[in-house]
Amino acid sequence: MDLSAINPTLLLASLMVAATPLLLAAIGELVVERAGVLNLGVEGMMITGAICGFAIAVNTGSPVLGLVAAAIGGAVLSLLFAALTQYALANQVASGLALTLFGLGLSALIGQGYQGIKPPSFPKADIPFLSDIPFIGGILFRHDFVVYLAIALTAAVWWALKYTRAGLVLRAVGENHDAAHALGYKVVRIRVAAICFGGACAGLGGAYISLIRVPQWTEGMTAGIGWIALALVVFASWKPWRVMLGAYLFGGLTVLQLNLQAAGVAIPVEYLAMSPYLITIIVLVIMSADKSRAPAALGRSFHASQ
Amino acid sequence: MLRLEKRPQPSRLWTYLTPVLAVVLTMLCGGVLFALLGKDPVLAIRTIFWEPLFSEFAFYYRPQLLVKGAPLVLIAIGLSLGFKAGIWNIGAEGQYIIGALCGAGVALAFYPLEAAFIFPLMVLAGGLGGWAWAMIPAILKVRFGTNEILVSLMLVYVAEQLLASMSLGLLKNPQGFGFPGSRNLQQYPSAHNAELLAGTGMHWGVVAALIAVIFAYVLLNRHMLGFHIRLTGDAPRAARFAGVSPTRLVLFCLGVSGALAGLAGLFEVAGPSGVVSIDFNAGYGFTAIIVAFLGRLHPVGILLAGGLMALTYVGGDIAQSKLGLPKAAIQLFQGMLLFFLLAVDLTTNYRIRARRKEAS
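The shown structure was predicted, so the numbers you read here are calculated from the model rather than taken from an experiment.

### A look at the overall build of chain B
When you go through chain B residue by residue, the secondary structure sums to 15 helices and two strands. For a compact globule of 360 residues, the expected C-alpha radius of gyration is about 21 Å, and chain B comes in at 22 Å, within 12% of that figure. Based on the C-alpha atoms only, the size of chain B along its principal axes is roughly 85 × 55 × 35 Å. Within chain B, the proportion of its 360 residues that are buried is 55%. In chain B, once contacts between residues fewer than 6 apart in sequence are set aside, the share between residues at least 24 apart is 77%. Across chain B, the centroid of the 26 positively charged side chains sits 13 Å from that of the 15 negatively charged ones.

Structure, rendered in structure tokens:
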């Protein structure tokens, strides 16, 4: 075992990369849950986004176009969930599971011809001057723009939820849909929009994995990150900045675990690989003591006749 | 425009009709999907749903239906109890793996001893293993209020890693020339879950599945606990006033579903599969969720739904080898089924009416 082989600059830099897909998916789900909808299909939307982005990027040669396609793919898939839960009033837990199972099958089908292909590489931002700062520059300022996009998105969601009218309406719908309806807000429409946003974010997060982080396509490559993103929203008590903190913590854990594997620690690889999931459970246990922050209408269907 | 009108009571007719309607819609959409993939849709659907039952080689496929259907029914019965009460065990796949590991572990510990008590002991170990794995989310739920959906799902990934570690380490065949995977239990008579009647596919897992169906039916219709499960699902507030203990229900529902999933894993590893290997789990734990819903969470319905889903597995395999239909297409087909089911379920609780002109 040789721990000195772990380079702290690289470790912290790859932490940001590992955290980005989680952050994207979780911030999308946060908006969905603040609107009172529990979408358990994050994993399915992520993997669909991953293959949509990958396929388009390979065929057009443009990774940016791939990311756009991934967001659209995720959003389209989430519309299925929206149709089921908002118009057909189906159970949200079951519909979310259906979305995940469907997404896994769909992505495997689309992805058949894409195994073993290398996608076009993504340009790094390399911000002038800032990236030359020793240590910090290497960690913070030499990433692709999606890393910064995810952070900007977190800030935007925080600002929108806290300071805009639209954010207030969204929260009202999530806290008490009957009251929001009585005030004349279109509960279903607002929720569908939120679900769509969540789907686009999840798709983007998935494509980040297949296009930038790994980068290649393998079946089921999201490996539970969508579910961890769901847990992250609970961990964050439905607050945007805490989601980011959580994503970076989990990103750090994943990277540390991979580094320890590479450094040849005496713990078997399998036990290191299961650690992110175990830690997710422990964190869930610690955070679930306080349920007061959850949106009051979370998971409940709305129909104007009731 | 269409308008929804809530029924005072769920329609009995539609309760029975919706699964059939969902299957028909899935066949139609699946046909379109197969056509898009460049296959003859009618031939593909016929291959999946007709060939395993009535073709000239059906004698070979029919036993396969039992082999695939038994674990699905066994797991789905357990899941349905929880789903009825709003307790979501999504981690059956993990409990299935742990059950198989525990059962196979017992068998391999006794190898090469031949004794009659080994198989019953394995069954016990398998059930207990699955039960223990499901007790983790159950206890965390009752003690700390942790979300059982996320915990049970996370434990699937943990179980998969454990399976990899076991098949490469502790349970690896010492005479396997370094290849991963355990000894083949099919070649160990005391531990082999052999066919009870040769050539029928009938093994102890099938028997267990049938017993589970009867057990669940009696529990739900003739027992107080079953009534409490249904009551909690239909009217949680009323259940609380009636003195139903949620703690007991969570422990019971997760425990039973875990034990049944563990048993399914054990019967699989001791019988059709034979070896503990990295890719031992085949997604039965997740497909069983579809089976539970397709069977409308009713024991007899689940039995039928398990048969149908086994048909898509066996027929899917035939279509894969004969028509070159990709495996993922079958997976997508199964996913679609759940979608349509949830969508048409609307008609059970609501009437769909044309919107009348409102008085202005």
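From this point, things continue past the structure.
### Points about unusual backbone geometry
Phi is mostly negative for residues that are not glycine, and the peptide bonds are mostly trans. In this structure, A223 of chain A takes a positive phi of about 45° despite not being glycine. With respect to the helices and strands, the residue A223 of chain A is situated in the loop between α9 (187-213) and α10 (225-235). Positioned with a positive phi, L297 of chain B is a non-glycine residue whose angle comes to about 60°. Following the sequence through the fold, L297 of chain B ends up in the loop between α12 (284-294) and α13 (299-323). Residue L297 of chain B is classed as buried on the basis of its relative accessible area, which comes to 14%.

### Examining the state of the cysteines
Residues and elements named next belong to chain A. Evaluation of the coordinates by the stated rule reveals zero disulfides over all chains. Not engaged in a disulfide, the cysteine C196 finds its nearest cysteine sulfur in C201; these two sulfurs lie 11 Å apart. Here C196 falls in the partly exposed class, since its relative accessible area comes to 22%.

### Describing the packing of aromatic side chains
All names here are of chain B. Enumeration according to the criterion identifies 17 aromatic pairs over all chains in this entry. Between F49 and F333, the ring centres sit 5.9 Å apart and the planes meet at 50°, which makes this aromatic pair tilted. One end of the pair, F49, is in helix α2 (residues 41-49); the other, F333, is in helix α14 (residues 327-344), and 284 residues separate them in sequence. Its relative accessible area of 12% is what places F49 among the buried residues. Residues F119 and F267 carry aromatic rings whose centres are separated by 6.5 Å and whose planes lie at 45° to one another, so their mutual orientation is tilted. Here F119, found in helix α6 (residues 118-144), pairs with F267, found in helix α11 (residues 246-270); they are 148 residues apart in sequence, far enough to count as distant. Like F267, F119 is buried. Aromatic rings pair up to connect Y96, F280, Y284 and Y313 into one cluster. In this arrangement the basic side chain of R143 is found over the ring face of F144, its NZ or CZ atom lying 5.1 Å from the centre.

### Some remarks on the interface of chain A and chain B
Of the residues lining the interface, 45 residues belong to chain A; the matching set on chain B comes to 41 residues. Roughly 3,600 Å² is buried in total at the junction of chain A and chain B, and carbon and sulfur atoms are behind 80% of that figure. At the junction of chain A and chain B, the tally comes to zero salt bridges. Scanning the region where chain A abuts chain B turns up two residue pairs in polar contact (both at pLDDT 80 or more). Broken down by secondary-structure element, the contributors of at least two residues to the side of chain A that touches chain B are α3 (63-87), α4 (92-110), α10 and α12 (269-287) of chain A. Ranked by the residues each element gives to the side of chain A that touches chain B, the list is headed by α4 of chain A, at 13 residues. Per-class residue counts for the side of chain A that touches chain B are 33 nonpolar, nine polar and three charged.

### Here we look at the pattern of salt bridges
Once their charged atoms are close, side chains differing in charge can pair, the charge on each being opposite to the other. All names here are of chain B. This structure, assessed with the given rule, holds three salt bridges over all chains. Notably, a salt bridge pairs D345 with R296, separated by 2.9 Å at the nearest N-O pair. Here R296 lies in the loop between α12 and α13 and D345 lies in the loop between α14 and α15 (346-349), a separation of 49 residues in the sequence. Classification of D345 by relative accessible area gives partly exposed; the value is 24%. Note on R296: relative accessible area 26%, which makes it partly exposed.

### Topic: the nonpolar core
Core analysis: the largest hydrophobic core is formed by 213 residues, its most contacted members being W227 and Y248 of chain A together with F34, L74, I75, M122 and L185 of chain B. Looking at this core element by element, the count peaks at 14 residues for α9 of chain A. Apart from the residues within four sequence positions on either side, W227 of chain A is in contact with L40, E43, L97 and T100 of chain A together with I149, L150, L153, M154 and Y157 of chain B. With five residues, the next largest nonpolar core counts A88 and L89 of chain A together with L4 and L346 of chain B among its residues.

### Comments concerning the environment of M336 of chain B
Among the structural elements, M336 of chain B can be located in helix α14. Classification of M336 of chain B by relative accessible area gives buried; the value is 9%. Measuring from C-alpha to C-alpha, the distance between M336 of chain B and E5 of chain B comes to 26 Å, with 331 residues separating the pair along the chain. For M336 of chain B, the contacting residues outside a window of four places in its chain are F102 of chain A together with T26, C29, G30 and L33 of chain B.

### What about the packing of α10 of chain A against helix α7 (residues 148-168) of chain B?
Relative to each other, α10 of chain A and α7 of chain B sit at 145°, their axes nearing to 10 Å. Remark: the crossing between α10 of chain A and α7 of chain B carries left-handed chirality. Of α7 of chain B, the residues touching α10 of chain A (which contributes W227, I228, L230, A231 and V234 of chain A) are I149, L150, L153, M154 and Y157 of chain B. Here the contact of α10 of chain A with α7 of chain B is built from residues that sort into 10 nonpolar, no polar and no charged.

### So, a nonpolar patch on the surface
All names here are of chain A. On the surface, V64, V68, I72, V76, F145 and L149 cluster together into a nonpolar patch covering about 490 Å² of accessible area. The set of elements that each furnish at least two residues to the nonpolar patch consists of α3 and α6 (145-163). Counting residues per element, the nonpolar patch draws most heavily on α3, which supplies four residues. Inspection of the secondary structure puts L149 in helix α6.

### Details of the environment of V314 of chain B
Residue and element names in this part refer to chain B. Of note, V314 is situated in helix α13. Residues V314 and L65, 249 residues apart in the sequence, show an inter-C-alpha distance of 6.6 Å. With sequence-adjacent residues up to four places away left out, V314 is seen in contact with P52, Y61, Q64, L65 and K68.

### Points about α13 of chain B
The end-to-end C-alpha distance of α13 of chain B, which contains 25 residues, comes to 35 Å, matching closely the 36 Å that a straight helix rising 1.5 Å per residue would cover. G324 of chain B lies just past α13 of chain B and shows a positive phi near 70°.

### What to know about α6 of chain A
All names here are of chain A. Across its 19 residues, α6 extends 26 Å between first and last C-alpha, which sits within 8% of the 27 Å expected from 1.5 Å per residue. When we look at burial in α6, the residues that qualify are V146, V147, A150, L153, T154, V157 and L161. Down the axis of α6, the buried side of the element spans an arc of 120°, and every buried residue falls inside it. Tucked inside the fold, the buried residues of α6 contact α1 (8-34), α3, α7 (165-175), α9 and α11 (240-263).

Conventions we followed
- Residues numbered from 1 in each chain as written.
- Chains lettered and ligands numbered in written order.
- Predicted model: local features only at pLDDT ≥ 70, side-chain atom pairs only at ≥ 80, totals over all residues.
- Heavy atoms only, no water.
- Helix = DSSP H or I, 4+ residues; strand = E, 2+ residues; numbered from the N terminus.
- Rg over C-alpha atoms; globule rule 2.2 N^0.38 Å.
- Buried < 20%, exposed > 50% of the residue type's maximum accessible area, 1.4 Å probe, protein only.
- Contact = heavy atoms within 4.5 Å.
- Lys, Arg positive; Asp, Glu negative; His and termini not counted.
- Charge placed at Lys NZ, Arg CZ, Asp CG, Glu CD.
- Disulfide = S-S within 2.5 Å.
- Phe/Tyr/Trp six-rings, centres within 6.5 Å; stacked < 30°, edge-to-face > 60°.
- Lys NZ or Arg CZ within 6 Å of the ring centre and 35° of its normal.
- Buried area = accessible area lost by both parts, 1.4 Å probe.
- Salt bridge = Lys/Arg side-chain N within 4 Å of Asp/Glu carboxyl O.
- Polar contact = N/O pair within 3.5 Å; in protein donor to acceptor, adjacent residues only side chain to side chain.
- Nonpolar A, V, L, I, M, F, W, Y, C, P; charged D, E, K, R; others polar.
- Core = buried A, V, L, I, M, F, W, Y, C linked by side-chain atoms within 4.5 Å.
- Axes fitted to C-alpha atoms, helices over the stretch in contact; angles between N-to-C directions.
- Left-handed = near helix turned anticlockwise from the far one by under 90°.
- Patch = residues over 30% accessible without salt bridge, like charges linked within 9 Å, V, L, I, M, F, W, Y side chains within 5 Å.
- Areas by Shrake-Rupley, 256 points an atom, 1.4 Å probe, with all protein chains shown as cover.
- Expected span 1.5 Å × (residues − 1).
- Arc of directions from axis to C-beta.

Read these as spatial facts, not as claims about activity.
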